[in-house]
Amino acid sequence: MHVVILGAPGSGKGTQSAKMIEKYNLHHLSTGDMLRAEIEAGSELGLAAKSIMEQGNLVSDDIILGMVANKINALGSTAVLFDGFPRTVAQAEGLDKLLADLDQSVSHVIQLDVPFDEITERMLARGRADDSEDSIRNRLQVFSNQTAPLIDYYEAQDKLFKVDGLGSVDEIYQRVQEVLG
Ligand code: AMP
């Protein structure tokens, strides 16, 4: 079982992911966390990613796919929860290819559905380094333009499960569990 959690920034992906990895024994692969770790470590990759992330733009597909490929190959057959990845159709295609080479595939895509005005409020409350109002606006725009097409991509593969992302953490998690069993 490999799960993708798909949703706009601030839709609650991280919170739901933390619950899912425990119950379903998944390895949490967050490309945002991996990039923040690179910045923290002061690596060349981190240096290149920092200003892109601060502006709320996407780090290049090549960099992201390279990072994910290393991780997937190191994990072997461990079931993975992909959080914040893929974010573009090219990344989704890249992931399909990486997994196919290992005779594996994505089993479920959970789409957390939250209205944008609710998201903006949540993100301003969260106060992360890249949570300025300009950056938030740009990230939602980037989501609509580049990531939302993944909804159709995974629907066409019959893997998409839309979950209402409004309500308490536990209410939303109930809905997630109905999908994953
Ligand atoms: P996140 O923690 O998932 O919200 O990611 C924070 C920032 O890291 C994003 O706004 C992007 O700049 C960058 N990022 C994270 N994951 C990806 C990805 N899969 N593709 C491109 N950029 C990413």
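Please refer to the structure higher up on the page.
Quick caveat, the model's predicted, so the values are computed rather than measured. (Residues numbered from 1 in each chain as written. Predicted model: local features only at pLDDT ≥ 70, side-chain atom pairs only at ≥ 80, totals over all residues. Heavy atoms only, no water.)

A. View of unusual backbone geometry. The omega angle of the peptide bond from Phe 85 to Pro 86 is -5°, so this bond is cis rather than trans. Structurally, the position occupied by Pro 86 is in the loop between strand S3 (80-83) and helix H5 (89-100). The phi torsion at Asn 25 lies on the positive side, around 55°, for a residue other than glycine. Position of Asn 25 relative to the elements: it lies in the loop between helix H1 (13-24) and strand S2 (27-30). Within the chain, Asp 103 stands out as a residue other than glycine whose phi angle is a positive 60°. By secondary structure assignment, the location of Asp 103 is in the loop between H5 and strand S4 (108-113). Judged by relative accessible area, which is 76%, Asp 103 ranks as exposed. (Helix = DSSP H or I, 4+ residues; strand = E, 2+ residues; numbered from the N terminus. Buried < 20%, exposed > 50% of the residue type's maximum accessible area, 1.4 Å probe, protein only.)

B. Main features of the sheet that holds S4. Ordered in space as S2-S3-S1-S4-S5, the five strands form an open sheet in which the pairing is parallel. Taken across any chain shown, the strands that pair with only one partner, and hence form the sheet edges, are S2 and strand S5 (160-164). The average angle at which neighbouring strand axes cross in this sheet is 20°, direction not considered. Across four bridges, the pairing between strand S1 (residues 3-6) and S4 is parallel. Following the sheet pairing, Ile 5 is matched in S4 by Ile 110. (Pairing = 2+ DSSP bridges. Axes fitted to C-alpha atoms, helices over the stretch in contact; angles between N-to-C directions.)

C. Structural context of the environment of Asp 158. Structurally, the position occupied by Asp 158 is in the loop between helix H8 (149-156) and S5. In this structure the C-alpha to C-alpha distance between Asp 158 and Gln 177, which are 19 residues apart in sequence, comes to 18 Å.

D. Summary view of the site of the ligand. Taken together, 15 residues lie near the ligand, and Thr 31, Arg 36, Asn 57, Arg 87 and Gln 91 sit nearest. Arg 87 places a polar side-chain atom, nitrogen or oxygen, 3.0 Å from an oxygen atom of the ligand. Within the side chain of Gln 91, an N or O atom sits 2.9 Å from a nitrogen atom of the ligand. Summarising the interface, the protein chains cover 96% of the accessible area of the ligand, which totals 480 Å² for the free molecule. When residues in the shell around the ligand are grouped by element, the largest group, four residues, is from helix H2 (residues 31-41). In terms of residue class, the shell around the ligand is built from six nonpolar, five polar and four charged. (Near = heavy atom within 4 Å. Polar contact = N/O pair within 3.5 Å; in protein donor to acceptor, adjacent residues only side chain to side chain. Areas by Shrake-Rupley, 256 points an atom, 1.4 Å probe, with all protein chains shown as cover. Nonpolar A, V, L, I, M, F, W, Y, C, P; charged D, E, K, R; others polar.)

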